[in-house]
Amino acid sequence: MGQGRRVKLQVVEPCPHRPPCPGCPRYGEPGVARTALARLAALASGAGLPPPSATQGAPFGYRVRARLVVRGRASSPKLGIFEAGTHRVVDIPRCRVHHPLVNRVAAAARDAIRAARTRPYAERTHAGDLRAIQVVVERASQTAQVVLVGNAAEPRALEPLADALVASLGAALHSLWWNGQPARSNAILGPHWHRWRGPEAVREAIGRADVFFPPGAFGQSHLALADSIVERIHGWVPSGRRVAELYAGCGPIGLGLLARSSAVALNEQSEGGLRGLALGLAARPAAERARARIAPGAAGEVAAELLAGADVAIVDPPRKGLDAAALAALSAAPPAMLAYVSCDLDSFERDAAALLSGGRLRLAELAAYDLFPNTEHVETLARFEAV
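Described in the following lines is the structure provided in the data block. Worth saying up front: this structure is predicted, and the values here are computed from it rather than measured.

What counts and what doesn't
Residues numbered from 1 in each chain as written. Predicted model: local features only at pLDDT ≥ 70, side-chain atom pairs only at ≥ 80, totals over all residues. Heavy atoms only, no water. Helix = DSSP H or I, 4+ residues; strand = E, 2+ residues; numbered from the N terminus. Rg over C-alpha atoms; globule rule 2.2 N^0.38 Å. Buried < 20%, exposed > 50% of the residue type's maximum accessible area, 1.4 Å probe, protein only. Contact = heavy atoms within 4.5 Å. Areas by Shrake-Rupley, 256 points an atom, 1.4 Å probe, with all protein chains shown as cover. Axes fitted to C-alpha atoms, helices over the stretch in contact; angles between N-to-C directions. Parallel < 35°, antiparallel > 145°, perpendicular 65-115°, else oblique. Nonpolar A, V, L, I, M, F, W, Y, C, P; charged D, E, K, R; others polar. Pairing = 2+ DSSP bridges. Right-handed = clockwise from strand over helix to strand, strands pointing away. Salt bridge = Lys/Arg side-chain N within 4 Å of Asp/Glu carboxyl O. Phe/Tyr/Trp six-rings, centres within 6.5 Å; stacked < 30°, edge-to-face > 60°. Core = buried A, V, L, I, M, F, W, Y, C linked by side-chain atoms within 4.5 Å. Polar contact = N/O pair within 3.5 Å; in protein donor to acceptor, adjacent residues only side chain to side chain. 1 Å grid on protein atoms, 1.4 Å probe; cavity = no way out; pocket = protein on both sides within 12 Å on 5 of 7 lines; lining within 4 Å. Points joined across faces, edges and corners; volume = space filled by probe spheres on them.

## Focus: the overall build of the protein
Assigned secondary structure in the protein consists of nine helices and 17 strands. Compactness check: the protein gives a C-alpha radius of gyration of 22 Å against a globular reference of 21 Å for 387 residues, within 12% of the reference. Taken along its principal axes, the extent of the C-alpha atoms in the protein is 70 × 65 × 35 Å. Burial status across the protein gives 51% buried among its 387 residues. Considering only contacts in the protein between residues 6 or more positions apart, those separated by 24 or more positions represent 65%. A total of about 17,300 Å² of accessible surface is found on the protein, and carbon and sulfur atoms cover 54% of it.

Okay, here's the thing in structure tokens:
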């Protein structure tokens, strides 16, 4: 018998919450799901490209953002996520994918709920005071931005809980917020905000720019891998070009291009994203601010105007993919280069087929990122070029 290569097997510590926690359906399985890679390989093959590379990062302790639903009783609260197909909360005090500080905040919140006798939310009766807790870790300071989501339009009922958390977390607390969600709704966050203490936004260095994330804004959970996506896009954009970015969020991609672009137009619709963009621009030098433009509103409403004269377009749409009007504008008058960041493979395949169907764009590069390890999710990065 021939001597084969010795393979070192990695032993993965069992998760203490599986089952019933549904958060990591591929727990301990390395790399991007094979089915997702096969679909991307087929798309690459159709464009005459090799199978896409798959970039991986830390599979555990990476998640710097978490929203934990709160249920149970004041004496025995549960903080976690819903069991699959139900609204029963799975308590996850020792989640292995969470950043350690997220678990520390959750533990402090459990103790504070008991001490303050805060009533967790009861969905059936729409009663109780605390619906959820959002935690965001700022990497540089290793502190946590914490949002207490209440079942009211004003924060009074959660003030004792806030005081208890401040005493417990001390210097580990970046900022403490209240959010009001008094409606019977599946949406975690509501329309009401109040800042008890701390800075207005988490600050992250991304793509050689400071990017600011207010508590209501979208941000990536695996920042180390998200940083590498930004760096790759920046490497595609030559200096001196005119850039139009749709769905810019708080600006993690576009802000870092201001230093070497002739103009950067940044489109965003959400209130939190627009506030983050404003803070990010305020932190840039005056010469860079003069080259920037913020275009608020739905991407489809401003796409045609922003793309007119642009050399480079960047899109990072939500899970549903590109707005129909934005897709039409990109297809009708594509720039020399389009970078597309996708968080949903179904919508990306649909949009890619539409972008390629007119014969004005070709797929030049495709890459996969394991942005949510232990799940079926794949983050896709594509570069299209004008024909």
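## Side note on the packing of helix 1 (residues 34–46) against helix 9 (residues 345–357)
Where helix 1 contacts helix 9, the two axes come as close as 12 Å, and the packing angle between them is 5°. When the axis of helix 1 is compared with that of helix 9, the two are roughly parallel. Here helix 1 contributes Ala 36, Arg 39, Leu 40 and Leu 43 to the contact with helix 9, which in turn contributes Leu 345, Asp 346, Phe 348, Glu 349 and Ala 352. Each residue belonging to the contact of helix 1 with helix 9 can be placed in one class, and the counts come to six nonpolar, no polar and three charged.

## Here's the deal with the pairing of strand 15 (residues 337–342)
Every regular strand shows the same layout, with side chains that alternate between the two sheet faces. Judged by how many residues are buried, strand 15 sits mostly within the fold: six of six residues are covered. What you see with strand 15 is no split at all: Met 337, Ala 339 and Val 341 on one side and Leu 338, Tyr 340 and Ser 342 on the other are buried throughout. Taken together, the four bridges between strand 14 (residues 312–315) and strand 15 define a ladder with parallel strand orientation. Paired with Ile 314 across the bridge in strand 15 is Ala 339. One crossover worth recording links strand 14 to the parallel strand 15 by way of helix 8 (residues 324–332), and it is right-handed. As defined by bridge partners, strand 15 adjoins strand 17 (residues 379–386) across six bridges and the pair is classed as antiparallel.

## Observations concerning the pattern of salt bridges
If you walk through the whole model with that rule in mind, you get 24 salt bridges. Arg 232 is the salt-bridge partner of Glu 365, the closest N and O atoms lying 2.8 Å from each other. Of this pair, Glu 365 sits in strand 16 (residues 361–369) while Arg 232 sits in helix 4 (residues 223–236); the two residues are 133 residues apart in sequence, bridging distant segments of the chain. We classify Arg 232 as partly exposed; its relative accessible area is 24%. Ionic pairing is found between Arg 284 and Glu 288, a salt bridge with its closest N-O pair at 2.9 Å. The pair formed by Arg 284 and Glu 288 is uniform in burial state, with each residue classed as buried. Several salt bridges share partner residues, and in doing so they unite Arg 232, Arg 362, Glu 365, Arg 383 and Glu 385 into one network.

## A few points about the packing of aromatic side chains
Enumeration according to the criterion identifies three aromatic pairs in this entry. Ring geometry for Tyr 27 against Phe 60: centres 5.5 Å apart, planes inclined by 50°, an arrangement best described as tilted. Placement of the pair is Tyr 27 in the segment before helix 1 and Phe 60 in the loop between strand 1 (53–55) and strand 2 (65–73), with a sequence separation of 33 residues. Pairing Trp 177 with Trp 193 gives two aromatic rings, centres 6.1 Å apart and planes at 85°, and the pair type is edge-to-face. Remark: Trp 193 occurs in strand 8 (residues 192–197) and Trp 177 occurs in strand 7 (residues 173–180); sequence separation between them is 16 residues. Taking relative accessible area as the criterion, Trp 177 reaches 8% and is therefore assigned buried.

## Focus on the nonpolar core
Grouped together as the largest cluster of nonpolar side chains are 39 residues, with contacts concentrated most on Leu 79, Leu 130, Ile 133, Val 146, Leu 148 and Leu 165. Those elements giving two or more residues to this core turn out to be strand 2, helix 2 (100–116), strand 5 (130–138), strand 6 (143–150), helix 3 (159–169) and strand 7. Top element by residues in this core is helix 2. It accounts for eight residues. Beyond its immediate chain neighbours, meaning those up to four positions away, Val 146 contacts Val 105, Ile 133, Gln 134, Leu 165, Leu 173, Ser 175, Leu 176 and Trp 177. Of all hydrophobic cores here, the second largest spans 37 residues; its members include Leu 40, Val 315, Leu 322 and Leu 363.

## Details of the side chain of Gln 181
Looking at where Gln 181 falls in the secondary structure, it is placed in the loop between strand 7 and strand 8. By relative accessible area, Gln 181 is classed as buried at 5%. At 3.4 Å, the side chain of Gln 181 forms a polar contact with the backbone nitrogen of Ala 183. Other than its neighbours up to four places away in sequence, Gln 181 contacts Arg 131, Val 149, Gly 150, Asn 151, Ala 152, Ala 187, Ile 188, Leu 189, Gly 190 and Pro 191.

## Describing empty space enclosed by the protein
The full count for this structure, using the stated rule, is one cavity of 30 Å³ or more. Taken as a whole, the largest cavity holds about 50 Å³ of empty space. Mapped onto the lining of the largest cavity, the elements with two or more residues apiece are strand 5 and strand 9 (202–206). For the lining of the largest cavity, the residue count by class is six nonpolar, one polar and two charged.

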